[in-house]
Amino acid sequence: MLRHVPRRLLTGSRKSSPGLLEELKQRGLISQVAQPEQWLHEKLLQGHKIKLYCGADPTAKSLHLGNVVPLMILLNFYVKGHDVFALVGGATGRVGDPSGRTTERQAMSDVSRLKNVDRIQQQFTRFFENGWKYYESRFPEMSAQGPGKLVKVDNYHWWKDIKLLDFLAQYGRYIRIQSMFSRSSIATRLEGKDGLGFNEFSYQVLQAYDFYHLHKNYSVSLQVGGNDQWGNITAGIDFIDRMESNDSEKLPLGGITAPLLSTSTGEKFGKSAGNAVFLDPQINSAYDIFQFFYNTKDADVSRFLKIFTLLPSGTIDAIVQDHMTQPHQRKGQRLLAIEVTDLLFGVGSGERSSKVSEILFGNLSEANMSADELIELFNEAGILQKVPRDKSLVDIITQVTHCSKSEAKRKLVQGSVLLHSSRHKVTENTDQLSQFLIEDKVLILRLGKQKCHVIEIL
Ligand SMILES: Nc1ncnc2c1ncn2[C@@H]1O[C@H](COP(=O)(O)OP(=O)(O)OP(=O)(O)O)[C@@H](O)[C@H]1O
Ligand SMILES: N[C@@H](Cc1ccc(O)cc1)C(=O)O
């Protein structure tokens, strides 16, 4: 059990569960639910397992924090034993979803798209593996039943064999043009001067058929997405309803959308707006994610804890109340950052990132850490700097801070250069650095109070 969340708070508030759907609403994870909501609510209350899916197009190398919002809905189901289907749009990514966009997407090369498909599938695996381990670590007594199944699918696998003529002949009549025009993603674009191409216009048909395919072959009955996916999701429900209109035993279908996470200036958080925080560790380290959440505004701490963690809402309310009595201590932000980093990057990475941050900002002495521990921590955070052994102090400052030699000398003269965990002030250039090294291989270089560099001397 983690030091930063009292056990009493973790278990106590899950007792009188209002049912998964209500719980997700309380967490602020639900924007709209397609009818019949009551059916879904009751099924879940009665303990039935359902199968649900969410898709992402391979239009970038990595999923980002905006994509995590609907995935958190899937994770909430998955940890309770429901099977989740994570779809990558190898086919739909070729066409381009107009939802939530004012302009057409740039075409992408086949090579890039295929690479992205692979990477996104790996990210799905990692998200659910780490998410489950996170859940187990926080709620060992609730995780005995095990998670649901994770099934990864690529819609290219069924679309590659579908021929246009066959498709139109078999399904065309069940796709109604009036409803296609009325969807907001289409209506908005038709009002603009550039309109939209047939590729984007027909996108909703592709996604609708995906839902039908997953429903027919795997009994998937619920689709989840961000709120911009409402039109595509309801297109799927309409399509399946028409296809199965004579089936007396047909099961109800559902759709849930998550609110679109936006920046403080109101832009959707994502690739198109250019403000995405990516999940791929080759792009963002655990420490980057930690820092991102550590910088959350007070007003967003509660909302983000509810969306991006699995801590019970009651626990979050108690923690936030405590946080607001002394907001300057940033307890809420620290907890949020540790929890989300653990959930996304693996249990333990949150505490390690927190240590890095405390060393960097001078709140934790590195005095008790070995050189290897420091190297490992800062390497994982992606901010370990490396310098050859024969360099002088001025050369080192120049290299690690990207300043000129004269600027480095000025810093020395001004007395702002402190070396080693003992914070020894050095005011002149020197190449005799061994006395300041930890175990002869790590140099801690502080420039003033706020800037700290951890350097491996090679
Ligand atoms: N900011 C966000 N908040 C909530 N959900 C989001 C956000 N951004 C994307 N999503 C959802 O993530 C899922 C996958 O999105 P996808 O990767 O296909 O496009 P995208 O990230 O929205 O791309 P773009 O920004 O280029 O439109 C969709 O359900 C989408 O609604
Ligand atoms: N249209 C979704 C991705 C998606 C693709 C195919 C699906 O079946 C479902 C979802 C998006 O752009 O965000």
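Residues numbered from 1 in each chain as written. Chains lettered and ligands numbered in written order. Predicted model: local features only at pLDDT ≥ 70, side-chain atom pairs only at ≥ 80, totals over all residues. Heavy atoms only, no water.

**A short note on helix H3 (residues 37-45)**
- Considered for burial, the residues of H3 that qualify are Trp 39, Leu 40, His 41 and Leu 44.
- On the buried face of H3, the contacting elements are helix H2 (20-26), helix H4 (65-78), strand S5 (222-226) and strand S6 (254-258).
- Immediately downstream of H3, the backbone of Gly 47 shows phi near 85°, a positive value. (Buried < 20%, exposed > 50% of the residue type's maximum accessible area, 1.4 Å probe, protein only. Helix = DSSP H or I, 4+ residues; strand = E, 2+ residues; numbered from the N terminus. Contact = heavy atoms within 4.5 Å.)

**Describing the domain arrangement of the protein chain**
- For the protein chain, the assigned domains are domain 1 (19-258), domain 2 (286-361) and domain 3 (381-457).
- Centre-to-centre separation of domain 2 and domain 3, based on C-alpha positions: 31 Å.
- Taken as a group, Ile 359, Leu 360 and Phe 361 account for 72% of the area that domain 2 buries against domain 3, more than any other trio of residues on that side.
- For the interface between domain 2 and domain 3, the tally reads 0 salt bridges.
- The interface formed by domain 2 and domain 3 includes 1 residue pair in polar contact (both at pLDDT 80 or more).
- It is helix H18 (residues 349-360) that provides the largest number of residues to the side of domain 2 that touches domain 3, a total of 3 residues. (Domains from an automatic or database assignment. Buried area = accessible area lost by both parts, 1.4 Å probe. Salt bridge = Lys/Arg side-chain N within 4 Å of Asp/Glu carboxyl O. Polar contact = N/O pair within 3.5 Å; in protein donor to acceptor, adjacent residues only side chain to side chain.)

**What to know about the sheet that holds strand S9 (residues 424-425)**
- Spatial ordering of the open sheet is given by S7-S11-S10-S8-S9, a layout of 5 strands whose pairing is mixed. Edge strands, defined here as strands with exactly one partner in the open sheet, are strand S7 (385-387) and S9.
- The pairing of strand S8 (residues 417-419) with S9 spans 2 bridges and is classified as antiparallel. Paired with Leu 419 across the strands is His 424, a residue of S9. (Pairing = 2+ DSSP bridges.)

**Focus on the packing of helix H15 (residues 298-308) against helix H16 (residues 313-325)**
- Running from N to C, H15 and H16 cross one another at 165°; their axes reach a closest spacing of 10 Å. Between H15 and H16, the angle falls in the class roughly antiparallel. Remark: the crossing between H15 and H16 carries right-handed chirality. Seen from H15, the contacting residues are Asp 298, Val 301, Ser 302, Leu 305 and Lys 306; seen from H16, they are Ser 313, Ile 316, Asp 317, Val 320, His 323 and Met 324. (Axes fitted to C-alpha atoms, helices over the stretch in contact; angles between N-to-C directions. Parallel < 35°, antiparallel > 145°, perpendicular 65-115°, else oblique. Left-handed = near helix turned anticlockwise from the far one by under 90°.)

**Concerning unusual backbone geometry**
- The phi dihedral of His 402 is positive, around 55°, even though this residue is not glycine.
- As for its position among the elements, His 402 is in the loop between helix H20 (393-401) and helix H21 (405-413).
- Phi is positive for Asp 440, which is not a glycine, with a value near 60°.
- Relative to the assigned elements, Asp 440 resides in the loop between S9 and strand S10 (442-447).

**Let's talk about the pattern of salt bridges**
- Taken as a whole, this structure holds 24 salt bridges when the rule is applied.
- Note that Glu 200 and Arg 189 form a salt bridge whose closest N and O atoms lie 2.6 Å from each other. Of this pair, Glu 200 sits in helix H11 (residues 198-201) while Arg 189 is found in helix H10 (residues 184-191), placing the two residues 11 residues apart along the sequence. Pair check on accessibility: Glu 200 and Arg 189 agree, each one buried.
- Within the structure, one salt-bridge network assembled from shared partners comprises Glu 22, Lys 25 and Glu 37.

**Description of the packing of helix H14 (residues 286-294) against H18**
- Where H14 meets H18, the axes come as close as 9 Å, and the angle between the chain directions of the two elements is 70°. Put simply, H14 runs roughly perpendicular to H18. Two secondary-structure elements touch here, H14 through Ala 286, Tyr 287, Phe 290 and Gln 291 and H18 through Ser 349, Gly 350, Ser 353, Ser 354, Val 356, Ser 357 and Leu 360.
- For the contact of H14 with H18, the per-class residue count stands at 5 nonpolar, 6 polar and no charged. (Nonpolar A, V, L, I, M, F, W, Y, C, P; charged D, E, K, R; others polar.)

**Comments concerning the packing of aromatic side chains**
- Within the structure shown, the criterion is met by 23 aromatic pairs.
- Aromatic pair Tyr 135 and Phe 139: ring centres 5.3 Å apart, planes at 45°, arrangement tilted. Each member of the pair, Tyr 135 as well as Phe 139, carries the same accessibility label: buried.
- On the basis of an interplanar angle of 65° and a centroid distance of 5.9 Å, the ring pair of Tyr 171 and Phe 239 is categorised as edge-to-face. Highlighted residues: Tyr 171 in helix H8 (residues 164-171) and Phe 239 in helix H13 (residues 230-243), separated in sequence by 68 residues. For the pair formed by Tyr 171 and Phe 239, the shared burial category is buried.
- Put simply, the rings of Trp 159, Phe 167, Tyr 171, Tyr 209, Tyr 212 and Phe 239 touch in pairs and so form one group of aromatic residues.
- Geometry around Phe 345 places Arg 126 over its ring, the cationic atom sitting 4.8 Å from the centre.
- When the ring centre of Tyr 294 is taken as origin, the NZ or CZ atom of Arg 330, which lies over that ring, is 5.3 Å away. (Phe/Tyr/Trp six-rings, centres within 6.5 Å; stacked < 30°, edge-to-face > 60°. Lys NZ or Arg CZ within 6 Å of the ring centre and 35° of its normal.)

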